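Residue-level listing of the chains:
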Amino acid sequence: MLIRSKIVKTLHGITEKKGWEIPLENIVVEQPPKIEMGDFATTLPLALARVLKRKPFDIAKEIAQEFSMEEISTVQPLPNGYINFFFSTAFLFTCFQSLLEEPKQYISSQEGAGKKVLVEFVSANPTGPLTVANGRSAPIGDTIANLLELQGYQCDREFFINDMGAKAQKLAASVFYYAMAELQHPVPPPDEMYPGDYVQTLACDYIQKEGDSLLALPREKAIELLKQFSLSTMISRMKEDLDDFHIHFQSWFPESSLHNGYIQDTFNRLKNQGVVEEKEGAYWFLTTKFGDEKDRVLIRSNGLATYLLGDIAYHRNKLERGYDFCVDVWGADQSHVNPLKWALHTLGFCEDQLKTVTFQLVHLFRNNQEVKMSKSGGNYITLRELLNEVGPDVSRFVYLSRSNEQHLNFDLDIAKNRDPKSPVFYAQYAYTRCKGICREAEAVNIDIPQKWEDVDLSLLKDPAELQVLRRFAIMPELLERACSSLAPHLVTQDIQILANDFHSFYENCRVIDIDQIERTKARLLLVISIEKLLSVLFSLIGIHAPERM
RNA sequence: GUGCCUGUAGCUUAAUGGAUAAAGCACCGGCCUCCGGAGCCGAAGAGUGGAGGUUCGAAUCCUCUCAGGCACGCCA
């Protein structure tokens, strides 16, 4: 059990014993704003003051007297009504030892044991390349999945391929136009030409592979073949991009696989629940019943399913595959969350089974100028260009440096050229320094301890050393919070503060000192632990841990 | 016009309704005879766009307002 929940329970026990009525969930235990204020604090006396009509300080003193936990050495009631808690040295050493033995297990929990989760992200339309805008979804979804796995969930990553839409059709028609022109049999251009140079390239690639075989086919058949070719080409390119971004999906789920009656069946179920009505030749989902401003079309008057119906069917399918819940990572331009939730509710699912994470747009800056992008105008920067320019580590770190709901300003000049202003170097440098210290220790023939039994931990008593130990102790709580709030950017923050603690320790405590060999060993063990913890945290956000820089 | 998101130090950003709003960058002042100075320590700098309200307590919740972004198709 996490230490914070333990403190809450202990406090609740005291209130029960005293006959003070306060629900467990109203007991606030939080990290104080400043390190001098301890490792945890509670505002319980403030909450009780009004009910009991007593001074907060008196209540605080009374609670402090009753409070006893082996992990807590000092319980400090304060005149303003707070109670501060300080970890005991024994607890700090216990955490240190667990971290050293199994770093990943140390920061994980069994919260989600036995539960299956599907994280769906990116799912970009396969009619164009991944861009820096929809690319933001990739590290967010991947890190959320990593965090869920850390909390014990069995987690799969899935990419939904929208291969049945009008956009795919439009792309195919444009490719057809270019292909026929290339084959000296020009046809009139489609009403709407798909933008982007890659469209014409697709036509040429097809001809290179298949020759002039298109000419022998009827128009519809030719367009269909070009569609298959174009989509599979774009998808394999996206796979390559994501691969270089160190992101791997367990499954790539094509919408077409639902077009075997499953979508129709989903529609019938909704209809049977009385939330569908025929109007003007189309079938509408009566979302106004749920408070929507207007109803939504499910089946168009031409008989084709809308994107919404397809997505409803897809989510039904996901939940029927046995996942306890789904996490969807969506761009802010996706606006059908509520209709989707209402539909799932109508189909008998619980609304909590769909958790959506919305992220805002990305603004790119170069030379202090915003780089304007517009996908419909065919003017955008691809994820591939970003990867080539700044590399996957910096890209992932910057993508995760703001909360999802904030617009992200991505400064290419700072990100590239290994500019030290980029926070990723601060963190990776900490890791490199750890490695450097170990190399130095070996160079002067000091045996590097591997187990805590080999050293005298009580030699670690400098404030900077204790600060690192306290950070170790709190780390599982920080990650639990990042996971439960589906906020991957908190991990980059946790990395920053740990790196900061390490750099301070490094400046204040010289590790290698041949005149104090026992203390050197204790400090080396601390360095090794930091290195291990950083390495696990880096893997959570998918960045590399460099031995040297 | 309607809906959603966002306005915090010169800049980029933190802050599960709680303590004197926290960091980094830039600026200023210190720190390498010693494990990588891509670092550390210190100083200065905001009362959270504005106005009300709820609360013992608000950057956080509510109302109004100003500013920016996105979405508002029988597109996906």
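Throughout what follows, the structure given in this document is the object of discussion. (Residues numbered from 1 in each chain as written. Chains lettered and ligands numbered in written order. Predicted model: local features only at pLDDT ≥ 70, side-chain atom pairs only at ≥ 80, totals over all residues. Heavy atoms only, no water.)

Attention now goes to the sheet that holds strand β3 (residues 72-77). Across the sheet, 4 strands lie side by side as β1-β2-β4-β3; this open sheet has antiparallel pairing. Edge strands, defined here as strands with exactly one partner in the open sheet, are β1 (29-30) and β3. Of the pairings in the sheet, the one linking strand β2 (residues 40-42) to strand β4 (residues 83-87) comprises 3 bridges and is antiparallel in character. Paired with Phe40 across the strands is Phe85, a residue of β4. (Pairing = 2+ DSSP bridges. Helix = DSSP H or I, 4+ residues; strand = E, 2+ residues; numbered from the N terminus.)

What follows is about the pairing of strand β15 (residues 408-411). As a general feature of sheets, a regular strand has side chains that alternate between the two faces. On β15, burial follows the alternation: Leu408 and Phe410 on one face are buried, whereas Asn409 and Asp411 on the facing-out side are not. As defined by bridge partners, strand β13 (residues 362-366) adjoins β15 across 4 bridges and the pair is classed as parallel. Bridge pairing links Leu364 to Phe410 in β15. (Buried < 20%, exposed > 50% of the residue type's maximum accessible area, 1.4 Å probe, protein only.)

The next subject is the packing of helix α13 (residues 383-399) against helix α15 (residues 423-443). For the pair α13 and α15, the least separation of the axes is 9 Å and the interaxial angle reads 115 degrees. In terms of axis orientation, α13 runs roughly perpendicular to α15. As α13 runs across α15, the sense of the crossing is right-handed. Contacts between α13 and α15 involve Asp393, Val394 and Phe397 on the former and, on the latter, Pro423, Val424, Phe425 and Gln428. In terms of residue class, the contact of α13 with α15 is built from 5 nonpolar, 1 polar and 1 charged. (Axes fitted to C-alpha atoms, helices over the stretch in contact; angles between N-to-C directions. Parallel < 35°, antiparallel > 145°, perpendicular 65-115°, else oblique. Left-handed = near helix turned anticlockwise from the far one by under 90°. Contact = heavy atoms within 4.5 Å. Nonpolar A, V, L, I, M, F, W, Y, C, P; charged D, E, K, R; others polar.)

With that settled, the discussion passes to the layout of surface pockets. There is about 620 Å³ of room inside the second largest pocket. Residue lining of the second largest pocket: 28 residues in total, with Met1, Leu2, Ile3, Pro476 and Glu477 positioned closest to the centre. Elements with a minimum of two residues in the lining of the second largest pocket: α1 (3-18), α4 (89-101), α5 (103-107) and α16 (463-484). Per-element tally for the lining of the second largest pocket: the top contributor is α1, with 5 residues. Within the lining of the second largest pocket, the residues separate by chemical class into 14 nonpolar, 7 polar and 7 charged. (1 Å grid on protein atoms, 1.4 Å probe; cavity = no way out; pocket = protein on both sides within 12 Å on 5 of 7 lines; lining within 4 Å. Points joined across faces, edges and corners; volume = space filled by probe spheres on them.)

Our next topic: the nonpolar core. One finds Ile7, Leu148 and Phe472 to be the most contacted residues of the largest nonpolar core, which totals 128 residues. With 14 residues, helix α18 (residues 517-541) is the largest single contributor of residues to this core. What Ile7 contacts, discounting residues up to four positions off in sequence, is Val29, Phe40, Phe67, Met69, Ile72 and Phe85. (Core = buried A, V, L, I, M, F, W, Y, C linked by side-chain atoms within 4.5 Å.)

It is worth stressing that arrangement in space is one thing and function is another; only the former is reported here.
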